[in-house]
Amino acid sequence: MDTVSKERRSEIMGNIKGVHTAPELLVRKYLFKYGFRFSLHRKNLPGTPDIVLSKYKAVIFVSGCFWHGHIGCIKSALPKTRVEFWETKIFRNKERDNLNMRKLEKLGWKVIVIFQCELKKKDLDQTMGSVIERIVSK
Ligand SMILES: [Zn+2]
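These remarks concern the structure in this document.

Here is what the cut-offs are and how they apply
Residues numbered from 1 in each chain as written. Predicted model: local features only at pLDDT ≥ 70, side-chain atom pairs only at ≥ 80, totals over all residues. Heavy atoms only, no water. Donors = N, O, S within 2.8 Å, 3.2 Å for Na, K, Ca; no water. Buried < 20%, exposed > 50% of the residue type's maximum accessible area, 1.4 Å probe, protein only. Axes fitted to C-alpha atoms, helices over the stretch in contact; angles between N-to-C directions. Helix = DSSP H or I, 4+ residues; strand = E, 2+ residues; numbered from the N terminus. Left-handed = near helix turned anticlockwise from the far one by under 90°. Contact = heavy atoms within 4.5 Å. Phe/Tyr/Trp six-rings, centres within 6.5 Å; stacked < 30°, edge-to-face > 60°. Lys NZ or Arg CZ within 6 Å of the ring centre and 35° of its normal. Expected span 1.5 Å × (residues − 1). Salt bridge = Lys/Arg side-chain N within 4 Å of Asp/Glu carboxyl O. Pairing = 2+ DSSP bridges. Right-handed = clockwise from strand over helix to strand, strands pointing away.

### Some thoughts on the coordination of the zinc ion
Note on the zinc ion: its protein donors are Cys65 (SG), His70 (ND1), Cys73 (SG) and Cys117 (SG). The metal-donor distances range over 2.0 to 2.4 Å. Sequence positions of the residues that donate to the zinc ion give the spacing C-x4-H-x2-C-x43-C. Exposure remark for Cys73: the relative accessible area of 12% places this residue in the buried category.

Okay, structure coming up:
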């Protein structure tokens, strides 16, 4: 029996990297507003990046802090029960993330990772500002 609290569970489930999550939509809207055009969830690229800006040879992953083990982030705190299970799971996710990123970089893509917690309203402009800098950088 899993004893993760109800709130925690729904938070965790909400963080599952699904297609078209709210944080991802936020990023897409922002980029679109600034004139960037992109494709989505390109399955022919390692890790199926959420946003692909072919013109700039850049890909963006919008990652949930919990599932992708955002280091030092309060949202990545593990549930108090079944710690080992979660640790292993998150560790594997991170390993897979890293592998995909290395593959993408080898293929010449700029890889940009945005964590969910970096998209809070007060941080959005700053986060997206540096994302855009990365996108257009040579
Ligand atoms: Zn975070």
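And the narrative resumes.
### A word on the packing of helix 2 (residues 22-33) against helix 4 (residues 121-136)
Two elements in contact, helix 2 and helix 4, have axes separated by 11 Å at closest approach and are oriented at 65 degrees. For the pair helix 2 and helix 4, the sense of crossing is right-handed. Of the residues in helix 4, those touching helix 2 at Leu26, Val27, Tyr30 and Leu31 are Leu124, Asp125, Met128, Ile132 and Ile135.

### Section: the packing of aromatic side chains
According to the stated counting rule, one finds six aromatic pairs in the structure shown. On the numbers, 5.0 Å between centres and 75 degrees between planes, the contact of Phe85 with Trp86 is edge-to-face. Among the residues examined, Phe85 registers a relative accessible area of 36% and is labelled partly exposed. Among the residues examined, Trp86 registers a relative accessible area of 7% and is labelled buried. Linked through ring pairs, Phe66, Trp67, Phe85 and Trp86 together constitute an aromatic cluster. The aromatic ring of Phe85 is capped on one face by Arg82, whose charged end is 4.2 Å from the ring centroid.

### Observations regarding helix 3 (residues 83-106)
The first and last C-alpha atoms of helix 3 sit 34 Å apart over 24 residues, in line with the 34 Å expected at 1.5 Å per residue. Buried within helix 3 we find Trp86, Ile90, Asn93, Asp97, Asn100 and Leu104. Positioned one or two residues after helix 3, Gly108 has a phi angle of 95 degrees, which is positive.

### Regarding the environment of Phe32
Relative to the helices and strands, Phe32 resides in helix 2. Classification of Phe32 as partly exposed rests on a relative accessible area of 47%. Sequence-distant contacts of Phe32, defined by excluding residues within four places in its chain, comprise Arg37 and Phe38.

### Considerations on the pattern of salt bridges
Following the criterion strictly, the structure yields two salt bridges and no others. A salt bridge links Glu24 to Arg28; its shortest N-O distance comes to 3.1 Å. Of the two residues, Glu24 and Arg28 both sit in helix 2, four residues apart, roughly one turn of that helix. The burial state of Glu24 is the same as that of Arg28; both residues are buried.

### Notes on unusual backbone geometry
Despite not being glycine, His41 has its phi angle at roughly 45 degrees, a positive value. Within the secondary structure, His41 is located in the loop between strand 1 (39-40) and strand 2 (51-53). Despite not being glycine, Thr48 shows a phi value in the positive range, around 45 degrees.

### Quick look at the pairing of strand 3 (residues 58-63)
Counting buried positions along strand 3 yields six of six residues, so the element is predominantly enclosed. Residue alternation in strand 3 divides its side chains into two sets, Ala58, Ile60 and Val62 and Val59, Phe61 and Ser63, and both sets are buried. The pairing of strand 2 with strand 3 spans three bridges and is classified as antiparallel. By the bridge assignment for strand 3, Val52 is matched with Val59. In this structure, the hairpin formed by strand 2 and strand 3 is closed by a connection of four residues, where Lys57 is found at a positive phi of approximately 50 degrees. The parallel pair strand 3 and strand 4 (residues 110-115), bridged by helix 3, forms a crossover whose chirality is right-handed.

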